[in-house]
Amino acid sequence: MKHFFRRLLGIYPNEEKKTLRFALLVVFWSLGATCISTLTDGLFIEKIGTSLLPKAYFIAALVMISASSLVLYLLKYFSPYQILMSLLIIGSIMYGIGAIILLHPPPVLFYFFCKVFSLAFLANLIACSWALIDNYHDIQDAKRTYALYNGCYFLGVIFSGCLISFLLKPLGDRFLFLLGAISLVAAMFQLKSIALKDRPIHDETLEGVFTGDRKGLFYLVKKIFSHPFVFSLLSISLIMQLTITTTEFNYLESFGNAFQNVSESKLTEFLAKTRALISVFNIIIGVFLYGRFVRLVGLRNIALLPALAFLLLYSKWLSVDSLMVAIFGLVCVDGISYTIEDNNHNLMLNAVPCKLKAKIRIINDSFFEPIGMLLSSAFLLSSSNKLIGLFLAVIMLTFACIIRATYHKSVFTNLKDNAVHFDRKIKHWFQLRTKKEQKELKKDLIDGLLSSDEKVSLLSCEALLRLKETAYLSHILNAASRFSTQGKISFLSLLKNSSFKKDPDVQQTLIKWTHSSNNQSLQSHLDLYFIGKKYFNAPFKTINDLLCSYEKDKIILGLEILSETMDSEHLDSVLSLIKHPCITVQRKAMSVFSKIADPKMKITTSYLLDCLEKVSDHSFRIKCLEALMSISDPSLIERLIEMSAYFRPSERRKIEELIVSMGKDTAPTLLSLLKDVSKHIRSRTLAGKILSRISLSTLQAHLNETIYVEIKRAYFYFYYANCIESKDLSLLVTGLKTGFYSVIDFVIHLLSISKSIEDCELLVRSLRSKNEKIHSHALESLERACHRKIFKWIAPLIDRHPWNEVVAGYVRLFGKKPTLNLPTLLDHLQNSPRLFDRVVAEDLRSVYDLSLFTEPKFELSNEPCNQFAYG
Amino acid sequence: MNLATNLHTDDKTMKELTLIEKAFYLKKNVLFKELDLDLLLIIAEKMVQDVYDKKEKIFDEKQAANRMYFIYEGKVKIYKSNKSIYLDANDFFAEESLFNDKPRDYSAICIEDTVFLTLSKTNVMTIISECPSIAISLLEIYTTLFPFRHQK
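Here the structure is a predicted model, which is why all the values come from computation and not from measurement.

Notes on the overall build of chain B
(1) Moving on: From N to C terminus, chain B includes 5 helices and 8 strands.
(2) Moving on: Beginning at the N terminus, the succession of helices and strands in chain B can be written as α-α-β-β-β-β-β-β-α-β-β-α-α.
(3) Moving on: Out of the 152 residues belonging to chain B, those deemed buried represent 50%.
(4) Moving on: Relative to all contacts within chain B whose residues are 6 or more apart in sequence, the contacts with residues 24 or more apart total 69%.
(5) Moving on: When the accessible surface of chain B is split by element, carbon and sulfur atoms take 53% of a total near 7,600 Å².

Some thoughts on the nonpolar core
Residues and elements named next belong to chain A.
(1) Moving on: Counting residues in hydrophobic clusters, the biggest one holds 122 residues, and the most contacted among them are Trp29, Leu88, Leu125, Phe177 and Phe310.
(2) Moving on: Once residues within four sequence positions are removed from consideration, Leu88 is found in contact with Trp29, Leu125, Leu184, Ala187, Met188 and Leu191.
(3) Moving on: Ala667, Phe740, Ile744 and Phe746 belong to the second largest nonpolar core, which has 118 residues in total.

Let's talk about the sheet that holds strand S6 (residues 92–93) of chain B
The strands making up a sheet are joined through hydrogen bonds of the backbone, oriented either antiparallel or parallel.
Residues and elements named next belong to chain B.
(1) Moving on: Within the open sheet, the 4 strands sit side by side as S1-S8-S3-S6. Their pairing is antiparallel. At either end of the open sheet lies a strand with only one pairing partner, and these are strand S1 (48–52) and S6.
(2) Moving on: As paired strands, S1 and strand S8 (residues 114–120) are joined by 5 bridges and run antiparallel to one another. The partner of Val48 across the bridge, within S8, is Thr118.

Looking at the pairing of strand S3 (residues 67–73) of chain B
Side chains on a regular strand alternate between the two faces of the sheet.
Residue and element names in this part refer to chain B.
(1) Moving on: Counting buried positions along S3 gives 7 out of 7 residues, so the element sits mostly inside the fold.
(2) Moving on: In the sheet, S3 pairs with S8 via 6 bridges, with the strands oriented antiparallel. Among the inter-strand pairings, Tyr69 is bridged to a residue of S8, identified as Thr118.
(3) Moving on: Where S3 lies against S6, 2 bridges are found, and the strand directions are antiparallel. Across the sheet, Phe70 pairs through a bridge with Phe92, a residue of S6.

Remarks on the interface of chain A and chain B
One widely used convention gives an interface's size as the accessible area the parts lose upon coming together.
(1) Moving on: Opposite the 45 residues of chain A that make contact, chain B presents 41 residues.
(2) Moving on: Of the roughly 3,700 Å² buried where chain A meets chain B, counting both sides, 58% is carbon and sulfur surface.
(3) Moving on: At the junction of chain A and chain B, the tally comes to 3 salt bridges.
(4) Moving on: The partner of Asp38 of chain B in a salt bridge is Arg466 of chain A, and the shortest N-O contact between them spans 2.4 Å.

Remarks on the side chain of Gln523 of chain A
Residues and elements named next belong to chain A.
(1) Moving on: With respect to the helices and strands, the residue Gln523 is situated in helix H22 (residues 520–529).
(2) Moving on: The exposure class assigned to Gln523 is buried, which follows from its relative accessible area of 18%.
(3) Moving on: Apart from residues no more than four positions distant in its own chain, Gln523 is found in contact with Trp513, Thr514 and Ser517.

Description of unusual backbone geometry
Residue and element names in this part refer to chain B.
(1) Moving on: One non-glycine residue, Ser81, lies in the positive phi region at around 55°.
(2) Moving on: By the element assignment, Ser81 lies in the loop between strand S4 (76–80) and strand S5 (83–87).
(3) Moving on: Phi is positive for Asn90, which is not a glycine, with a value near 80°.
(4) Moving on: Tracing the backbone through its elements, the reader meets Asn90 in the loop between S5 and S6.
(5) Moving on: Owing to a relative accessible area of 34%, Asn90 belongs among the partly exposed residues under this scheme.

With respect to the sheet that holds strand S7 (residues 107–110) of chain B
All names here are of chain B.
(1) Moving on: Across the sheet, 4 strands lie side by side as S2-S7-S4-S5; this open sheet has antiparallel pairing. Looking at the sheet topology across the chains shown, the edges are occupied by strand S2 (57–59) and S5. With strand direction ignored, the average angle separating the axes of adjacent strands in the sheet is 25°.
(2) Moving on: Taken together, the 5 bridges between S4 and S5 define a ladder with antiparallel strand orientation. Looking at the pairing, Val76 lines up with Leu87 of S5.

A word on the pattern of salt bridges
Residues and elements named next belong to chain B.
(1) Moving on: Scanning all chains against the criterion turns up 36 salt bridges over all chains.
(2) Moving on: Of the charged contacts, one joins Lys46 and Glu45 as a salt bridge, the two residues approaching to 3.9 Å between their closest N and O atoms.
(3) Moving on: On the basis of relative accessible area, Lys46 is assigned to the buried category, the value being 10%.

Thresholds applied
- Residues numbered from 1 in each chain as written.
- Chains lettered and ligands numbered in written order.
- Predicted model: local features only at pLDDT ≥ 70, side-chain atom pairs only at ≥ 80, totals over all residues.
- Heavy atoms only, no water.
- Helix = DSSP H or I, 4+ residues; strand = E, 2+ residues; numbered from the N terminus.
- Buried < 20%, exposed > 50% of the residue type's maximum accessible area, 1.4 Å probe, protein only.
- Contact = heavy atoms within 4.5 Å.
- Areas by Shrake-Rupley, 256 points an atom, 1.4 Å probe, with all protein chains shown as cover.
- Core = buried A, V, L, I, M, F, W, Y, C linked by side-chain atoms within 4.5 Å.
- Pairing = 2+ DSSP bridges.
- Buried area = accessible area lost by both parts, 1.4 Å probe.
- Salt bridge = Lys/Arg side-chain N within 4 Å of Asp/Glu carboxyl O.
- Axes fitted to C-alpha atoms, helices over the stretch in contact; angles between N-to-C directions.

And the structure:
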């Protein structure tokens, strides 16, 4: 039975209790708040009449705006939980007091106040409740459960309608006020239960969930306008409010005309019945169908549906004003906008930058309704209301198209908050800034030159030298003249690598230092600086003697001379020094070689690759790769990529640049490396990445066949890793899990590379993240990057899918259920291309007497997979 | 020149630190002082500036941990039970929970108006994987704090 309801509602195992808690919270507060809201509507008309209704709406709109502003301000210091709890306390107290006041006939002002209060209260309650729900759900949870919670809201409305219908006459309005207060108290207890039993999903931009953001209103407005997705989302909300009010007016007008010669109560009855029927469909669609529809078609496509519906409505309405069209208008308002559009909006909010999300929700849920009421009341005075409706529908469709285009980019942008761009240099940071910001940064650098802290001053010098700011050279030299000896030595090394090395002003300053300083260390560094000049025409023997010396300092002097003169006559000596026992000499020799290397030196590539493999020093490797880039020998690609598996990220980036510079001729080699399952996963990933840069079409053409093989391997590893429970086989489980992680990493990399996603590492890391919000955003981005079929294959492995879906996936790929016993499994691993698999298999064979293991010795676990199947 | 004095204008509104100012701060910090200019700028770009008022709580014990805090300006008290430690500008704290994946082991409160530069957990891990020297610097600090092995 539990399984049946789970499948019916589309939720996952272990989600039932959490979903029920939130569903009950929504039911309780919607029951209480809508009961009082409907009651006060009726009481207002009965006791005061319709003449003061426009005034009540006007005051209610102002109160709603003020209350929402207060909530927005309070979000800086308090969490949605605290604000929602406070709202529920205020509501229950006010309605309790209302019940007491109703013991005796109250003044007219009481009903006016109740009307205004209930409108403002309901709007803020909806906004804060959703803000709280956002804190406990990520976007993947949202797709499954938000429509259900929306349905629970309508359920609360239906219950409140039933309570009023059946209990108002026998028990009176004060009893209903009391019931409303009790319902809100029940919501408070439910909220407390959620805070105690459920774990909020943190956003890493905030400390915990409940830290307020101190940025002001101006910052918020600036952020909204600078983010196309957020701006479009808010705009479409506002346009929707205007369209709803306009459409309501239009269909009521049409109904009025259609029921002109019929008794008054018939129209009310007709409206009540139609609305009730629409509410039933809302619940069915919201609870059972919407989530499935989103997973099938995609959220960004459903976003167009409401706009298209209104466009169709008004296109018809302009030509034909019939009852059927008016009914369609009612369906658009009460059905499509309240179910599809509201649910769309709730899900789309997950793509809003995390710091803005709660505020955007408050703005949308609390401000736009009263603003919509105010604005539409102004233009509904004209006679061309249907034309206005058509115009609004067209604008809505435009914004819906923008949302469709920017949704995935916005989701990925949220992820990119965590992207660290290690390949960027200072020039890049400056280029990203406006002219004003660049000026400010340069001013900071000049101020830094004057800093009493020498480290800061040196940093400023380095930055200005790298920016090649000739105008500031005199400032730099003045600052450097104040440095300590060690500071001056560091400054000399900065100058040597800069474009100002041979600048006359620099040379003059340094000559002054030569004459003014007695420090031997500084003098020797200054000598080295001018070494190019001194040894420019030095004979071959002089330099050769230095290079062949047993003294390290003489060798380095010789290499310094060569790095200035760039003389390739001593190539053999330099090459031999690359393998010198002293690492300083190795680095210097490689640095010199990288300067003199050219494409004619292909004969040295094998030698260099040997050195690259044996030496783990980072700066040596970088220089070696620079030398190989100058030589540009395509025959080294395979070996280089194989080696890269054990290199640092920056070294792998260097290899990538090296091979990309060789051009499209490398594509066949890269493709064969990519497909070779015997190669290390990191090597294959690098091959794929480079291939995507030089020939994306080749990669895309071979993607499916490559991915298919890897997905099968991933299922194999994943299935057996999760169904072995024996503690004796923990090494086997570990081996299978590592196999799974490395294969699935490779698959994700390939998929994102093939779609030219800017930062593939970010996507892989985010999918591995233990933070649910980051993980869910990454899933959303991956869904966009993949073909639907491929995503369906890998989804059970990377999301929290039930175990039976993993098994179903295995059967789909392999054509049969998994049936391997231990000996057969070890046979498979022994033939695996992965070394670790073969090692594990050998180890277990040596430990266990497998003749005893003819039957499956490990049991299938019936528990669903880990919290994250991946990560 | 004390950069920190430029931070507040006469009407006490907080000026956003520029990328270069953050890089200068990092250069003076014990964890990042050995890094080159490019790496400092990369890390500075990920640092988020935040201002807390005097007596404002930064986090509570047992709260979930997402960020590491570097004190740019001000003073902070970190405390647990009866023990407390005071931290000043250029100190950092709150990194322990990022590494051991547990909730906060202590509470933190501002003794005076304080400006922080914070790094998220994901960024800390990414930066350390690219620059292992930062992890070495952290180990050096920890080993001076706990000279005797396994001392608690």
